[in-house]
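Here is how the chains run, residue by residue.
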Amino acid sequence: MQVFVRTLELGSLTAAAREFGMTQPTVSKLLSQLERQLGVRLFERSTRGLAPTEQGQRFHVDARLVLEQYDAAIGAVQGMNGQPAGQLRINAPVALGQYRINAMVQRFLAAHPGIDIELILNDRFADLVEEGVDVAFRLGGTLPPDAVGRHLATVERFLVASPDYCARRGMPALPADLSTHDIVRFAWTPGNNIDMLRGEERVRLAVGGRFRANNALAIREALALGSGIGICPDWLVRDLLEGGALVRVLPEWSASSQELHLLTPSRRYQPLRTRMFIDFAVSEFAALPGFGGVGKR
């Protein structure tokens, strides 16, 4: 049943085999056995791949519910002796995952020897159901409709640059001065404008720059090396600010803050290990600098 559910959600025997550590023929054999047991065809097989039949779509809904109830039952029993077990698949943005969540996960693993964790880091929005993700961290953006979101923190963002860059190019005194500077930006940021805020005041500025990157850690390093001025979240550069490798630029102004959410698939039952990790993450972020308003929404 587990193999059937994941094969349908992934849409591929190969992908399901990879996830379960099986061969493709083994997955195909298990699905055939299930179809014989049920007396119905669950998939239409063609050269273009697999497509669920009407019976397969219906069985998928009920099978997922059965598996979630089974997982919840196991978690409840394990919780009685304080020994949660099983695997958690966690998804997070690359920089946040590498710089903050990875260490958090290691502490959680040390406290719960029965739990295994697979940490997937990428900067695209993962489909929680299709990719079998139990917990996902999202920075900014619209929350997907097929997930349950919990507000985790508000992340302040502001302008920073290295002292060397400011010595060479001058420290901007007004937002309009940014038009003459090199602005280091994310590669996927559209257009050439940035918005800056001071209280209720908002200004939109046309800026230019010679370097963009699709990774926050690369931007952090480029700024420390003197490549320009960039908008960064507090948590990403706080240590460099405290150590003097970076300084605030136009400190009275800031960019719009980002909301950090913790997402789980929209299902009725959550395994004990998932609930425990969520509670652990909330407490961990509450103690980390650069994350305001943790768990208050």
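Everything that follows concerns the structure shown earlier in this document.
Counting of residues starts from 1 at the beginning of each chain's written sequence and follows it residue by residue. Residue-level local features of this predicted model are given only where pLDDT is at least 70; pairs of side-chain atoms are given and counted only at 80 or more, and the full residue set underlies all totals for whole chains, interfaces and linings. Only heavy atoms go into the side-chain values, all of them from the structure, while hydrogens and water stay out.

> For this particular structure, what's the right way to read the overall build of the protein?
Strands here are runs of E lasting at least two residues and helices are runs of H or I lasting at least four, both read from the DSSP assignment and numbered beginning at the N terminus. Along its length, the protein carries nine helices and 13 strands. If one aligns the C-alpha atoms of the protein with their principal axes, the spans along those axes are about 75 × 50 × 35 Å. Buried residues are those whose accessible area, probed at 1.4 Å on protein chains only, stays under 20% of the maximum for their type, while exposed residues exceed 50% and partly exposed ones sit between those limits. When burial is assessed residue by residue, the protein has 42% of its 297 residues classed as buried. Residue pairs in contact within the protein that sit at least 24 positions apart in sequence constitute 73% of those at least 6 positions apart. All accessibility values rest on the Shrake-Rupley procedure with a 1.4 Å probe; residue burial counts only the protein chains present in the view. For the protein, the exposed area adds up to about 15200 Å²; of that, 51% sits on carbon and sulfur atoms. Taking the average place of the 33 positive charges on the side chains of the protein and the average place of its 31 negative ones, the gap between the two points comes to 2 Å. Only heavy atoms matter for contacts: two residues are in contact if any of them lie within 4.5 Å across the pair. In this charge count, Lys and Arg are treated as positive and Asp and Glu as negative; neither His nor the chain ends contribute. To locate a charge, take NZ of a lysine, CZ of an arginine, CG of an aspartate or CD of a glutamate.

> Before we go on, may I ask you to explain helix α3 (residues 24-38) in this structure?
Turn by turn, an α-helix covers 3.6 residues, leaving residues three or four places apart pointing in a common direction. Helix span, expected: 1.5 Å multiplied by one less than the number of residues in the helix. Taking 1.5 Å per residue, 15 residues should reach 21 Å; α3 reaches 21 Å between its end C-alpha atoms and fits that length. Of all the residues in α3, the buried ones are V27, L31, L34 and E35. Taken around the axis of α3, the buried residues stretch over an arc of 100 degrees, which confines them to a single face. The exposed set on the far side of α3, more than 90 degrees from its buried face, consists of P25, K29, R36 and Q37. One or two positions beyond α3, positive phi appears at G39, with a value near 75 degrees. Arc definition: directions from the helix axis to the C-beta atoms.

> Explain the side chain of H181 to me, please; I cannot follow it from the model alone.
Mapped onto the elements of the fold, H181 is located in the loop between α6 (163-169) and β7 (183-186). Residue H181 is classed as buried on the basis of its relative accessible area, which comes to 6%. Those residues in contact with H181 that sit more than four places away from it in its chain are Y165, R169, G170, P172, G208 and I229.

> So what exactly am I meant to see when it comes to helix α1 (residues 2-10) here?
Among the residues of α1, those classed as buried are V3, F4, V5, R6, T7 and E9. At the C-terminal side of α1, G11 shows a positive phi close to 70 degrees.

> Explanation requested: unusual backbone geometry in the structure shown.
In most cases, non-glycine residues show a negative phi, while peptide bonds are predominantly trans. Even without being glycine, L250 reaches a positive phi, approximately 45 degrees. In this structure, L250 sits in the loop between β12 (247-248) and β13 (255-265).

> Just to check I follow, could you spell out the packing of helix α5 (residues 94-111) against helix α7 (residues 216-224) for this structure?
Packed helices, taken two at a time, are described by their axes: the angle between them and the distance between them. For helices, the fitted line uses only the C-alpha atoms of the stretch in contact; every axis is such a line through C-alpha atoms, and the angle between N-to-C directions lies from 0 to 180 degrees. At a closest axis distance of 7 Å, the pairing of α5 and α7 adopts a crossing angle of 75 degrees. Of the possible angle classes, the one that applies to α5 and α7 is roughly perpendicular. Along its contact with α5, which presents A95, Q98 and Y99, the element α7 presents A216, L217 and R220. Classes in brief: Ala, Val, Leu, Ile, Met, Phe, Trp, Tyr, Cys and Pro nonpolar; Asp, Glu, Lys and Arg charged; the others, Gly included, polar. Of the residues in the contact of α5 with α7, the class split is four nonpolar, one polar and one charged. Convention used here: angles under 35 degrees read as roughly parallel, angles over 145 as roughly antiparallel, angles from 65 to 115 as roughly perpendicular, and any remaining angle as oblique.

> When you look at the state of the cysteines in this model, what are you seeing that I'm missing?
Note on terminology: pairs of cysteine sulfur atoms within 2.5 Å are recorded as disulfides. For the coordinates displayed, the defined rule picks out zero disulfides. Here C166 is not disulfide-linked; the sulfur of C232 is the nearest cysteine sulfur, at 13 Å. The class of C232 is buried, set by a relative accessible area of 1%.

> I'm lost on the pattern of salt bridges in this one. Help?
Any two side chains of opposite charge can pair if their charged atoms end up close together. What counts as a salt bridge is simple: a side-chain nitrogen of Lys or Arg found within 4 Å of a carboxyl oxygen of Asp or Glu. Counted under the stated rule, the structure contains 17 salt bridges. Between R204 and D195 there is a salt bridge, and its shortest N-O distance comes to 2.7 Å. Residue classification places R204 among the exposed positions, given a relative accessible area of 59%. Of the charged contacts in the structure, one is a salt bridge between E252 and R198, with a shortest N-O distance of 3.3 Å. Here E252 is found in the loop between β12 and β13, whereas its partner R198 is found in strand β8 (residues 193-198), with 54 residues between them in sequence. Taken together, the shared-partner salt bridges in this structure form one network comprising R6, E9, E19, R64, R89 and E118.

> What am I meant to see in the pairing of strand β1 (residues 43-46) here?
Remember that side chains alternate between the two faces of the sheet whenever the strand is regular. Any two strands are treated as partners once DSSP identifies two or more bridges connecting them. In this structure, β1 lies alongside strand β2 (residues 49-52), joined through four bridges in antiparallel fashion. Across the sheet, residue R45 finds its bridge partner in β2, namely L50. Linking two consecutive strands that pair antiparallel, namely β1 and β2, is a turn of two residues.

> Quick question: what am I supposed to make of the packing of aromatic side chains here?
The geometry of two aromatic rings is summed up by the distance between their centres and the angle between their planes. Only centres within 6.5 Å qualify two rings of Phe, Tyr or Trp (six-membered ring in Trp) as a pair; their planes then separate them into stacked at under 30 degrees, edge-to-face at over 60, and tilted for everything else. In this structure the tally under the stated criterion is 10 aromatic pairs. On the basis of an interplanar angle of 75 degrees and a centroid distance of 4.9 Å, the ring pair of F285 and F291 is categorised as edge-to-face. Across the pair, exposure class does not vary: F285 and F291 are buried alike. The structure contains a cluster of three or more aromatic residues connected by ring pairs, namely Y99, F108, F137, W235, F277, F280, F285 and F291. Consider the ring centre and the ring normal. A charge sits over the ring if Lys NZ or Arg CZ is within 6 Å of that centre and within 35 degrees of that normal. One Lys or Arg, R248, reaches over the ring of F158 and ends 3.9 Å from the middle of that ring.

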